[in-house]
Amino acid sequence: MTAKQTVLKYLPDDLEPERLPRHVAVIMDGNGRWAKQQGLPRIMGHRRGVDALKNLLRCCKDWGIGALTAYAFSTENWGRPLEEVDFLMTLFERVLRQELREMMEENVQIRFVGNLNSLPSSLQAEIERSMAETKENQGIKFTVATNYGGREEILQACRAIANQVKQGTLNPEEIDGSLFESHLYTAGICDPDLLIRTSGEMRISNFLLWQMAYAEIYITQTLWPDFDRKEFHQALCAYQRRDRRFGKV
């Protein structure tokens, strides 16, 4: 069975394969509220959220979407209670260790973006290992934004370019969009076509500020742990109803 036939086997009939987004980004909001509604500790919402992300990754793979980027931990999230932050760091590390074999079997190429140097050293080691072992995989490109902030990403790109100009290796006239993008964390990854945010919040929260210039935005009231294939199907239907003109008529 060819890859195209596999996609057609799983893709809902009301979705057009040629009009699927190439790259989907998600702001996974509502884990804590979901846990509160269930009468559970907040950390249980994060555990359930991991399952939702795994299911979405597999769905993107099944339906022929080539890239998925998840906002896992922002630079602002350090302001959360210490117990919750410590749990998240441990959860990230454990999930990476447990899921690496399956990602290899599924041909997933995983990449982490953000200020990774501020993460616990043991988590940094797992991140480096997972990226190294999956870098040759040719399947879906899965990007995890961890300790990520869009403004900081832009600032670090500006600093890097300014340093080249200062050293005389780059003329200001040579600075264009392509060169700027090559200094972003996401260099080499196409911009998202669709941004999904769960829990009903109407903001992008410092996520991929440069890359979201022409992304279609889909907001759902569903909390992240409850975001499943049915919800994703609805998001894709809404996306395919959009008229994407990119400023043209």
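Residues numbered from 1 in each chain as written. Predicted model: local features only at pLDDT ≥ 70, side-chain atom pairs only at ≥ 80, totals over all residues. Heavy atoms only, no water.

With respect to the pairing of strand S6 (residues 216–219)
Then comes step 1: Only one face of S6 is buried: it carries Glu216 and Tyr218, and the other face, with Ile217 and Ile219, is open.
Then comes step 2: Note that strand S5 (residues 194–197) and S6 share four bridges and pair parallel. Residue pairing in the sheet places leucine 195 in a bridge with isoleucine 217 of S6. (Buried < 20%, exposed > 50% of the residue type's maximum accessible area, 1.4 Å probe, protein only. Helix = DSSP H or I, 4+ residues; strand = E, 2+ residues; numbered from the N terminus. Pairing = 2+ DSSP bridges.)

Describing the sheet that holds S6
Then comes step 1: Across the sheet, which stays open at both edges, the six strands sit in the order S3-S4-S2-S1-S5-S6 with parallel pairing between neighbours. Each edge of the open sheet is held by one strand with a lone partner, namely strand S3 (109–113) and S6. The average undirected angle you get between the axes of adjacent strands in this sheet is 20°.
Then comes step 2: Its contacts with the sheet put helix H3 (residues 42–63) on strand S1 (23–27), strand S2 (67–74) and strand S4 (141–148), and the angle it makes with S2 is roughly 160°. (Axes fitted to C-alpha atoms, helices over the stretch in contact; angles between N-to-C directions. Contact = heavy atoms within 4.5 Å.)

Some remarks on helix H6 (residues 150–167)
Then comes step 1: Over its 18 residues, H6 extends 26 Å from the first C-alpha to the last, a length consistent with the 26 Å expected when each residue adds 1.5 Å.
Then comes step 2: Within H6, the full set of buried residues consists of Gly150, Glu153, Ala157 and Ile161. Projected onto a plane normal to the axis of H6, the buried residues spread over an arc of 65° and lie on a single side. Residues of H6 that are exposed and angled more than 90 degrees away from the buried face: Arg151, Lys166 and Gln167.
Then comes step 3: Turning to H6, the residues buried within the fold contact S4 and helix H7 (177–181).
Then comes step 4: A positive backbone phi angle near 85° is found at glycine 168, which sits one or two residues after H6. (Expected span 1.5 Å × (residues − 1). Arc of directions from axis to C-beta.)

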